[in-house]
Amino acid sequence: MTQDVGGRRRVAGVRLGRGFVRTVSALLWRGVIVAALGAIGITGVPSGASAQSLAGADTVYASAPPRLLQIRTLLADAGRQTSTGSGFLVSADGLAITNYHVVSDAALEPKTYRLEYTGADGTQGGVTLLAVDLPNDLALVRVDKHDAPFFTFDKAALEGSLPKGERLYSLGNPLDLGFTIIEGTYNGLVEHSYNDHIHFTGALNPGMSGGPAVNAQGQVVGVNVATRRGGQLISFLVPARFAAALLIRGKDIRPEAADLRKDVVAQLASWRGALYKSLAEEGFHDRVFGSYQAPETHAAWFECWASTNASASPKPRASINSTSCKADASVYVASDLNTGTVEINHSYAKSIDLNQFQFATVLTQLAQPRLTLGGTFRKWYTPQHCHEDFVGIAPPADHPPLRVLWCAQGYREFDGLYDVAVVAVTQDRADEALVSRLNLQAIAYDDALRLGRSFLERLQVAR
Amino acid sequence: MIWIEILSKHREVAGRFRVDATEISIGRGYDNHVILDDPYVAARHVRIFRDADGRLVAEDLGSANGLYLDRSRSRKPQLVLDGVQPIRIGQTLLRIRDAAHAVEPERLVGSERSALPVVAAIGLGAALLAINAITVWFAQTSEAHLSDYLVPSLTMVGVVAAWVGIWALLARLFSGRSQVLRHLLIAEAGLTAFCIYSEFAQIAAFALTWAAVFTYGYVVSWTVIAATCFLHLRAVGRTHLVAKGVVVGVLLVVAIAVQTLQRSEAFANSGRPNVSHVLMPPSLRLVPLRQEQFFFDSVAALKAKLDADRAELKAPGVER
């Protein structure tokens, strides 16, 4: 089936902050990580000209230690780390950027978790969360470190005019093993992605999340965020401009005034609203499947795959041709919740030598609702409710009768956000049918109604 | 000439004595015409004689435990006997019959076992196997294998045979007659009812969009099982029908309650209703197509349910 094929090819991105570190930290535990290198660069950035002559990983790293951090999440009571990530200073008074997923436990459960940093120069201290950018997986923190050198952003990267192939150096503390520098290349933005991500060809590892990826001059181009399981050196960076924007937005926030949990929920809702608005505005085009036509999105951030059972063995008794367009616009909300996938899926089935009832069995298998969970049900979701009926859309000459199944579940903590799965099966022929599926994660209910309606209205008899 | 019959608890004759005296005494002592080895019977407990009208009468001879008619709880000093209802002394049931007691006419050999039950049993069995085969056939969407048909059919035959065997054994133990055919018929009828309902539920869930017949199918299943068990119990023995009915009814209620609880807990744990959405050939649709607007109104109404769930689930952790 489509989902399987698509699923095998598009392996999920892996966030770098936790998971591995969390499970292996018992083996790797070292208490305090002492930086081996002393500080060289006192000023923020070496000048362009001198940096060019110094280009090379050793020179780039030489100036990093006083501005490079490991950010650790600790259990407030036990005082032991539960996960680690990286971060970097962006101002002289201790503002630092890291990933939201490095600090999400502390953002969502401030009573249970607290944050600490260890500098690559050996300094240590407390970390206060100021602001987060959930869609881009960034967080702004203030560390207890003053008058230290800091990283600046690369101008070309902010403008998005970096050439492909530019050499980048990614910094961070992988697997809590010690600070490292990794060479790699800039390969532009990732295609078929709703959120902008830089495609970085380099070996990022868990624990490096939130660390900076810099050019040869030591200027930040992006923030380490994820890698792709099953790929070779395929890693992702958050573009520097989002970090720069977060810095401007969050630098004056007083930490005691911030209700981050509320902010996370609000950002999730508004980001999803914008995403679905853009999906509706990009519009749909019709694609013909046998006797039917069905909508496919124009949005470039969908990745589409086709599959067929024509070559299956034993020889299939009903041919099933599917296309599945999926936007992996899922976002890391909490350590146990990833959500936000959007999927449009059409399966055209035609009986070869099955009788009506057998063919209906095939359709039954294709038409199960499959509302997926991005986290555990008990913590994040409300029970699923479904409504199923026959629907006739006017005028009947253009629209085949449909059997429509609409299933929805809510998010316990996020008012106004729901997951909706719509499955429609054409009901005008006994030996062929189109099973169309629309899966919308983290959507406002009215948006789901609007999208669902236009989706069903576009299921038509091919002209 | 008078016949004294000692009856078992199941009203079968356990002993029969012919007495030619005009007055018969019955008791535990050896000076009686009929001796009963029942410790609750007096040495001389009761006497049987003919009254002025020639009817047989039983009279208590001053025993401590007294004389009763059948199951009656009221002690009688004297009882007129009709030869049908037994008398009870101590823990023993006695039936006293005159030699002139009329018996039922002779039955013809073979008339008892009519062909109908045999035909019905074979017919129901064939119908069950056919339903089974059709179900397998309709679910067959790839290569057909003979074992797909044989395994469920043989399983069904085996289960029915074991079930009927157990009931026949119970019947043999408690009433002396195994009545295999009757139990087979009952089991087949129950299974047929179950199969017909489950097919009906699937079709109704699709054709009439009645999801409830599917969701609450387990209630029907338990009811069918309970009714079948009751019929089996009735076939084992027609005594204590009320008690049997009550026991089966209580077990039915318990079974349904436990399964309802288990389902609601599973739902609370997973949030997934235990429902599969079944499609059938479009020609089976019995309800008219809904207007698009009507459908979306119904779907929009789900939001209130979801929000109510959220409010309920959120309530305990508000202070966060």
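What you are looking at is a predicted structure, and each value in this text was computed from that prediction instead of being measured.

Criteria and thresholds
Residues numbered from 1 in each chain as written. Chains lettered and ligands numbered in written order. Predicted model: local features only at pLDDT ≥ 70, side-chain atom pairs only at ≥ 80, totals over all residues. Heavy atoms only, no water. Helix = DSSP H or I, 4+ residues; strand = E, 2+ residues; numbered from the N terminus. Rg over C-alpha atoms; globule rule 2.2 N^0.38 Å. Buried < 20%, exposed > 50% of the residue type's maximum accessible area, 1.4 Å probe, protein only. Contact = heavy atoms within 4.5 Å. Areas by Shrake-Rupley, 256 points an atom, 1.4 Å probe, with all protein chains shown as cover. pLDDT = per-residue confidence, 0-100. Polar contact = N/O pair within 3.5 Å; in protein donor to acceptor, adjacent residues only side chain to side chain. Salt bridge = Lys/Arg side-chain N within 4 Å of Asp/Glu carboxyl O. Nonpolar A, V, L, I, M, F, W, Y, C, P; charged D, E, K, R; others polar. Patch = residues over 30% accessible without salt bridge, like charges linked within 9 Å, V, L, I, M, F, W, Y side chains within 5 Å. Pairing = 2+ DSSP bridges. Axes fitted to C-alpha atoms, helices over the stretch in contact; angles between N-to-C directions. Phe/Tyr/Trp six-rings, centres within 6.5 Å; stacked < 30°, edge-to-face > 60°. Lys NZ or Arg CZ within 6 Å of the ring centre and 35° of its normal.

**Q** Just to check I follow, could you spell out the overall build of chain B for this structure?
**A** For chain B, the helix and strand inventory stands at seven helices and 11 strands. At 31 Å, chain B has a C-alpha radius of gyration far larger than the 20 Å of a compact globule built from 320 residues. Expressed as lengths along the three principal axes of its C-alpha atoms, the size of chain B is roughly 95 × 60 × 35 Å. Taking all 320 residues of chain B together, the buried fraction comes to 32%. In chain B, of all internal contacts separated by at least 6 residues, the share reaching a separation of at least 24 is 44%. Accessible surface for chain B amounts to roughly 19,100 Å². Of this, 64% is attributable to carbon and sulfur atoms.

**Q** Even after reading the chapter, I still don't get the overall build of chain A, so can you show me in this structure?
**A** Secondary structure assignment for chain A yields 11 helices and 25 strands. Counting over 463 residues, chain A shows a buried share of 59%. Taking as baseline every contact in chain A between residues at least 6 positions apart, the subset at least 24 positions apart corresponds to 67%. As displayed, chain A has an accessible area near 17,700 Å², and 54% of this comes from carbon and sulfur atoms.

**Q** I keep staring at the confidence of the model for chain A and nothing clicks. Help me out?
**A** Note that predicted coordinates carrying low pLDDT should not be read in detail. All names here are of chain A. Of the residues in chain A, 88% reach a pLDDT of 70 or more, and the chain-wide mean stands at 85. Within the model, pLDDT remains below 50 along residues 1-13, and this stretch shows 26 contacts once partners closer than five positions in the same chain are excluded. Under a pLDDT of 50 for its full length, residues 17-54 has, in the predicted model, 68 contacts with residues more than four places off or in other chains.

**Q** Please clarify how the environment of arginine 272 of chain B should be interpreted in this entry.
**A** For arginine 272 of chain B, the position within the fold is in the loop between α6 (241-270) and β11 (290-291). Looking at arginine 272 of chain B, the relative accessible area reads 24%, which means it is partly exposed. Look past the residues within four positions of arginine 272 of chain B in its chain and what remains in contact with it is Leu371, Leu373, Gln384 and Gln409 of chain A together with Phe267 of chain B. Engagement of the side chain of arginine 272 of chain B in a polar contact is seen with the side chain of glutamine 409 of chain A, the distance being 3.0 Å.

**Q** I'm lost on the environment of proline 152 of chain B in this one. Help?
**A** Residue and element names in this part refer to chain B. Note on placement: proline 152 falls in helix α2 (residues 146-175). Accessibility expressed as a relative area gives 28% for proline 152, which makes it partly exposed. For the pair proline 152 and isoleucine 256, spaced 104 residues apart in the sequence, the C-alpha separation amounts to 26 Å. If we skip the residues at most four places from it in the chain, proline 152 touches Asn132, Val136 and Ser147.

**Q** Could you clarify how one ought to interpret the interface of chain A and chain B in this entry?
**A** Interface size is commonly expressed as the accessible area that is lost once the parts come together. On the side of chain B, 49 residues touch chain A, which itself brings 61 residues to the contact. Counting across the interface, chain A meets chain B through three salt bridges. Inspection of the region where chain A meets chain B yields 25 residue pairs in polar contact (both at pLDDT 80 or more). The set of elements that each furnish at least two residues to the side of chain A that touches chain B consists of α9 (356-366), α10 (377-380), β21 (385-392), β22 (402-410), β23 (418-426) and α11 (445-457) of chain A. Per-element tally for the side of chain A that touches chain B: the top contributor is α9 of chain A, with nine residues. For the side of chain A that touches chain B, the per-class residue count stands at 31 nonpolar, 17 polar and 13 charged.

**Q** Can you help me understand a nonpolar patch on the surface in this one?
**A** Residue and element names in this part refer to chain B. Together, Val242, Val246, Val250, Val254 and Val258 make up an exposed nonpolar region whose accessible area comes to about 450 Å². Note on placement: valine 250 falls in helix α6. Residue classification places valine 250 among the partly exposed residues on the basis of a relative accessible area of 47%.

**Q** What am I meant to see in unusual backbone geometry here?
**A** Residues and elements named next belong to chain A. Cis peptide bonds are those with omega within 30 degrees of zero, and the linkage from serine 313 to proline 314 qualifies with 0°. Its place among the elements puts proline 314 in the loop between β16 (303-308) and β17 (318-327). The backbone phi angle of aspartate 137 is positive, close to 55°, even though this residue is not glycine. For aspartate 137, the location among the structural elements is in the loop between β6 (124-133) and β7 (138-143). A positive phi is found at leucine 175, a non-glycine position, where the angle reads about 50°.

**Q** Which parts of the structure should I look at to understand the sheet that holds strand β5 (residues 113-119) of chain A?
**A** Hydrogen bonds between backbone groups are what pair the strands of a sheet, and the pairing can be parallel or antiparallel. Residues and elements named next belong to chain A. An order of β2-β3-β4-β7-β6-β5 is seen for the six strands of this closed barrel, with the pairing classed as antiparallel. Averaged over all pairs of adjacent strands, the angle between their axes in this sheet comes to 40°, without regard to strand direction. With three bridges connecting them, strand β3 (residues 81-89) and strand β4 (residues 95-99) associate as antiparallel partners. Residue glycine 87 lies in a different strand from β4, and its bridge partner there is threonine 98. Set on the sheet, helix α7 (residues 240-250) makes contact with β4, β6 and β7; between it and β6 the angle comes to about 100°.

**Q** For this particular structure, what's the right way to read the sheet that holds strand β2 (residues 13-19) of chain B?
**A** Residues and elements named next belong to chain B. Pairing within the open sheet is antiparallel, and its five strands lie in the order β2-β1-β10-β9-β7. At either margin of the open sheet sits one strand with a lone partner, and together these are β2 and β7 (67-69). Going across the sheet, the axis of each strand differs from the next one's by a mean of 30°, ignoring polarity.

**Q** Got a minute to help me understand the packing of aromatic side chains in this structure?
**A** Centre distance and the angle of the planes are the two values used to describe a pair of aromatic rings. Going through the model one piece at a time under the given rule, you end up with 18 aromatic pairs over all chains. Between tyrosine 194 of chain A and tryptophan 271 of chain A the ring centres are 6.2 Å apart and the planes differ by 55°, which places this aromatic pair in the tilted class. Of this pair, tyrosine 194 of chain A sits in the loop between β9 (180-189) and β10 (198-201) while tryptophan 271 of chain A sits in helix α8 (residues 260-282), placing them 77 residues apart in sequence. The partly exposed category is assigned to tyrosine 194 of chain A, whose relative accessible area is 23%. A relative accessible area of 8% means that tryptophan 271 of chain A is categorised as buried. Within the aromatic cluster, the residues linked to one another by ring pairs are Trp406, Tyr418 and Tyr445 of chain A together with Phe295 and Phe296 of chain B. If you follow arginine 67 of chain A out to its NZ or CZ, it ends over the ring of phenylalanine 151 of chain A, 4.3 Å from the centre.

**Q** In this structure, what is going on with the pattern of salt bridges? I would like to understand it.
**A** Following the criterion strictly, the structure yields 33 salt bridges over all chains and no others. With its nearest N and O atoms 2.8 Å apart, the salt bridge here joins aspartate 121 of chain A to lysine 145 of chain A. Here the residue aspartate 121 of chain A occupies a position in the loop between β5 and β6, and lysine 145 of chain A occupies one in the loop between β7 and α6 (155-159), the gap between them amounting to 24 residues. Between arginine 450 of chain A and aspartate 447 of chain A there is a salt bridge, with its nearest N and O atoms 3.1 Å apart. With arginine 450 of chain A and aspartate 447 of chain A both in helix α11 and three residues apart, the pair spans about one turn of that helix. What makes arginine 450 of chain A exposed here is its relative accessible area of 54%. A network of salt bridges, in which partner residues are shared, links Asp415 of chain A together with Lys303, Asp307 and Arg310 of chain B.

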